[in-house]
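Residue strings, one per chain:
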Amino acid sequence: MKDLKSQASRSTTPGKGGLTPEIQSRIGHQLRAMYDDVVRQGVPDRFAELIKKLDAPGATPHVENEGGSNDNNNGRD
């Protein structure tokens, strides 16, 4: 039983709390694949339109207030 533990710890544990190079490589490959997929999807049209509006000269950001007023004056002026 002791031999199995020592073999397992040698093959999977690189040191204090780190990841083995094999695990790091697998994570890297998965992250690259996910990133490439996201890049291939491109920017949604509504985001592209929003970016164009914000880049326009004199553009002021406008956030629509959904769900009521967040004013602190409670309807009093």
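Conventions adopted
Residues numbered from 1 in each chain as written. Predicted model: local features only at pLDDT ≥ 70, side-chain atom pairs only at ≥ 80, totals over all residues. Heavy atoms only, no water. UniProt positions renumbered as here; feature names shortened; annotations may be inferred. Helix = DSSP H or I, 4+ residues; strand = E, 2+ residues; numbered from the N terminus. Salt bridge = Lys/Arg side-chain N within 4 Å of Asp/Glu carboxyl O. Buried < 20%, exposed > 50% of the residue type's maximum accessible area, 1.4 Å probe, protein only. Patch = residues over 30% accessible without salt bridge, like charges linked within 9 Å, V, L, I, M, F, W, Y side chains within 5 Å. Areas by Shrake-Rupley, 256 points an atom, 1.4 Å probe, with all protein chains shown as cover. pLDDT = per-residue confidence, 0-100.

**A look at the UniProt feature "domain: Anti-sigma factor NepR" (unreviewed entry) in the protein**
Right, on to step 1. Within this structure's numbering, the places UniProt gives as "domain: Anti-sigma factor NepR" (unreviewed entry) are residues 24-56.
Right, on to step 2. Across residues 24-56 one finds 88% helix and 0% strand; the C-alpha atoms that close the span lie 43 Å apart.

**Let's talk about the pattern of salt bridges**
Right, on to step 1. In total, this model carries two salt bridges according to the counting rule given.
Right, on to step 2. Here arginine 26 makes a salt bridge to glutamate 22, at a shortest N to O gap of 2.8 Å. Remark: glutamate 22 and arginine 26 occur in helix α2 (residues 21-41); sequence separation between them is four residues, near one turn of the helix.
Right, on to step 3. Between aspartate 37 and arginine 40 there is a salt bridge; the shortest N-O distance is 3.9 Å. Of this pair, aspartate 37 and arginine 40 both sit in helix α2, three residues apart, which is roughly one turn of the helix.
Right, on to step 4. With a relative accessible area of 38%, aspartate 37 lands in the partly exposed category.
Right, on to step 5. Exposure remark for arginine 40: the relative accessible area of 63% places this residue in the exposed category.

**Observations concerning a nonpolar patch on the surface**
Right, on to step 1. Taken together, Leu19, Ile23, Ile27, Leu31 and Met34 make up a surface patch of nonpolar side chains, about 460 Å² in accessible area.
Right, on to step 2. Mapping isoleucine 27 onto the fold places it in helix α2.

**Notes on the confidence of the model for the protein**
Right, on to step 1. Here the protein averages 75 in pLDDT, while 55% of its residues score no lower than 70.
Right, on to step 2. Of all helices and strands in the protein, the one with the weakest mean pLDDT is helix α1 (residues 2-12) (52), whereas α2 scores best (95).

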